[in-house]
Amino acid sequence: MTSSTPSRGAAMRALLSLAIGSFGIGMTEFVVMGLLPNIARELVPNTWAASPDDAIAQAGWLISLYALGVVVGAPTIAGSVARFPRHRVMIVLAAALTFFTLLTVIAPTFELVAASRFLAGLPHGAYFGIGALVAADVLGPGKRAKGVAFVLTGLTIANVVGVPIGTLLGQQVGWRAAFAVVTGIFLLATVCIAFFVPTHPGTPGRRLRDELRVFRIGQVWFALGIGAVGFGGFFAMYSYIAPMITDVAGQPEWVVSLVLVLVGVGMTIGNIVGGALADKDLRFWLLAGLLALSAASVGLALTTGWIVSLTLFAFCVAFCGAALSPAIQTRLMDVADDYQSIGAALNHSSLNIGNSLGAFLGGLAIAAGLGLQAPAWVGGILALGGLIVAFVSYRVEDRKGRHPAHRLPASEAALTAITGSIPTQN
């Protein structure tokens, strides 16, 4: 079977196989955020006994290290394996995700768990980027974006269902149980990809050093800065949502899962709405969205003690953060000129720098004794920082009179914001 000849049933099996992997990635990245107190209690017991806040802040490093793995792996792996057959690359990537997540389950110390989280982040961006290229081709001409969207349903379902259920399981049975489930999901994805994803050639002769020329473009650095700083505002909140609910709002652990469901719904709706808004006026929505994200974060910081307002503002932060994704992706693709492939993959690096930065600074604020609501204040500041970067970027562009010739519709960028690949239509 080749990528150009699968039947409809074979194509759906291939897409489902890829979607299983994206579901696992959604769980492995985000389930840790609802289990930070549980992880801190086991892995740093001495620190927990002295100061639970300090222990939670230290556990937040696991989020930062996973994000750094994505930052490093997304462009380097995607560029380095471009010449190899993509179906084989996907098998290797899924197997790597399985193995590194298993290391998280069995690693006995905080240091080894931290190393496993960094390693688990490395295949993340390449899996989505290369998987999207395969998915776009499986359904054939005229249906490529549908193929990419089908794979993305795995990530969407993970945020709405998988992460809350995994969080509840981790709270009741132990946090390692949640990652054991994720390991099983990745193993299933590896087997399914091996059996059901058709042969798909790579791009012979593609060199990483050619793609790296994208970094010579000044506006690319501005676009990366918008994602790294501004989107960090979302992750500052999301990384420490569990202790905000249990320790500040005084709710039982099971409430965390319910709030995470609503956060996942906010992210899903925000990604769809953000694409539509950015299509109408990218510059306005990018600036307004960052301002709205900052305002929602401040609202959360001011009202964390009440569960209803906490849930409402957490939903708003999730909505605004996800709505910004297609706008940031569109801006990056607009300024990347002829380096579209690596430009799309760099979106992973940008947003996961934001993930790492938000988790790290939020943890520093907690460790400094500013309270468990402090990450929300950090989120508001980071969103404002992203707004300043975006404003400067547009000012520089206006002064030079150089506006990007390539423009990717933001409705398509709502897909590439997560996949790192452009959904091509024939």
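Above this note sits the structure.
Residues numbered from 1 in each chain as written. Predicted model: local features only at pLDDT ≥ 70, side-chain atom pairs only at ≥ 80, totals over all residues. Heavy atoms only, no water.

> Got a sec to walk through the overall build of the protein chain? Specific residues and values, please.
A tally of helices and strands in the protein chain yields 20 helices and 0 strands. Put simply, the protein chain has 426 residues, and 60% of those count as buried. When the accessible surface of the protein chain is split by element, carbon and sulfur atoms take 69% of a total near 16000 Å². (Helix = DSSP H or I, 4+ residues; strand = E, 2+ residues; numbered from the N terminus. Buried < 20%, exposed > 50% of the residue type's maximum accessible area, 1.4 Å probe, protein only. Areas by Shrake-Rupley, 256 points an atom, 1.4 Å probe, with all protein chains shown as cover.)

> Could you give an account of the side chain of S17, naming the residues involved and the relevant values?
Here S17 shows up in helix α1 (residues 8-34). Other than its neighbours up to four places away in sequence, S17 contacts Y127, A189, C192, I193, F196 and V197. (Contact = heavy atoms within 4.5 Å.)

> I'd love a proper account of the environment of G79, names of residues and values included.
Relative to the assigned elements, G79 resides in helix α5 (residues 61-80). Separated by 128 residues in sequence, G79 and R207 place their C-alpha atoms 6.9 Å apart.

> Talk me through the pattern of salt bridges; I want residue IDs and the actual numbers.
Evaluated as defined, the whole model comprises 4 salt bridges. Across the pair E397 and R283 runs a salt bridge whose closest N-O atoms are separated by 3.9 Å. Here E397 is found in helix α19 (residues 374-400), whereas its partner R283 is found in helix α16 (residues 282-302), with 114 residues between them in sequence. Beyond isolated ion pairs, a larger network of salt bridges with shared partners links R283, R331, E397 and D398. (Salt bridge = Lys/Arg side-chain N within 4 Å of Asp/Glu carboxyl O.)

> Let's hear about the packing of aromatic side chains: which residues, and what values?
The tally for this structure, following the rule as stated, stands at 11 aromatic pairs. With a centroid separation of 5.4 Å and 65° between ring planes, the pair formed by F231 and F235 is classed as edge-to-face. For the pair shown, F231 and F235 are each scored as buried. In this structure an aromatic cluster arises from ring pairing among F30, F231, F234, F235 and Y238. (Phe/Tyr/Trp six-rings, centres within 6.5 Å; stacked < 30°, edge-to-face > 60°.)

> Kindly report on the nonpolar core, identifying the contributing residues and their values.
Judged by nonpolar contacts, the single largest core of 71 residues is most densely connected at F234, M237, Y238, I241, M267 and L286. For this core, the leading source of residues is helix α17 (residues 307-335), giving 10 residues. Core analysis: the next-biggest nonpolar cluster, separate from the first, contains 36 residues, L97, V134, V151 and V182 among them. (Core = buried A, V, L, I, M, F, W, Y, C linked by side-chain atoms within 4.5 Å.)

> Explain the environment of V191 to me, and be specific about the residues and the numbers.
Considering the arrangement of structural elements, one finds V191 in helix α10 (residues 175-196). With 100 residues separating them in the primary sequence, V191 and I91 have C-alpha atoms 8.0 Å apart.

> Go over the side chain of Q171, please, and point to the residues and values.
Mapped onto the fold, Q171 is located in helix α9 (residues 144-173). Using a relative accessible area of 11% as the deciding quantity, one classes Q171 as buried. Of the polar contacts made by the side chain of Q171, one reaches the backbone oxygen of E253; its length is 3.2 Å. Apart from the residues within four sequence positions on either side, Q171 is in contact with G34, L35, N38, E253, W254, V256 and S257. (Polar contact = N/O pair within 3.5 Å; in protein donor to acceptor, adjacent residues only side chain to side chain.)

> Which residues make up the packing of α16 against α17, and what values go with them?
Running from N to C, α16 and α17 cross one another at 155°; their axes reach a closest spacing of 8 Å. Of the possible angle classes, the one that applies to α16 and α17 is roughly antiparallel. Here α16 runs over α17; the crossing is left-handed. Residue composition of the contact of α16 with α17, grouped by class: 18 nonpolar, 5 polar and 2 charged. (Axes fitted to C-alpha atoms, helices over the stretch in contact; angles between N-to-C directions. Parallel < 35°, antiparallel > 145°, perpendicular 65-115°, else oblique. Left-handed = near helix turned anticlockwise from the far one by under 90°. Nonpolar A, V, L, I, M, F, W, Y, C, P; charged D, E, K, R; others polar.)

> Mind laying out a nonpolar patch on the surface, listing which residues take part and the relevant values?
Taken together, the side chains of L187, V191, F195 and F196 define a hydrophobic patch exposed on the protein surface, amounting to about 400 Å² of accessible area. Relative accessible area serves as the criterion here: at 39%, V191 is assigned to the partly exposed category. (Patch = residues over 30% accessible without salt bridge, like charges linked within 9 Å, V, L, I, M, F, W, Y side chains within 5 Å.)

> Go over α16 with me, naming the residues and quoting the values.
Given a rise of 1.5 Å per residue, 21 residues ought to cover 30 Å, and the 30 Å separating the end C-alpha atoms of α16 matches this to within 8%. For α16, the set of buried residues is L282, W285, L286, G289, L290, L293, S294, A296, S297, G299, L300 and A301. Looking at the packing, one finds that the buried side of α16 touches α12 (218-230), α13 (232-239), α14 (241-248), α15 (254-280), α17 and α19. (Expected span 1.5 Å × (residues − 1).)

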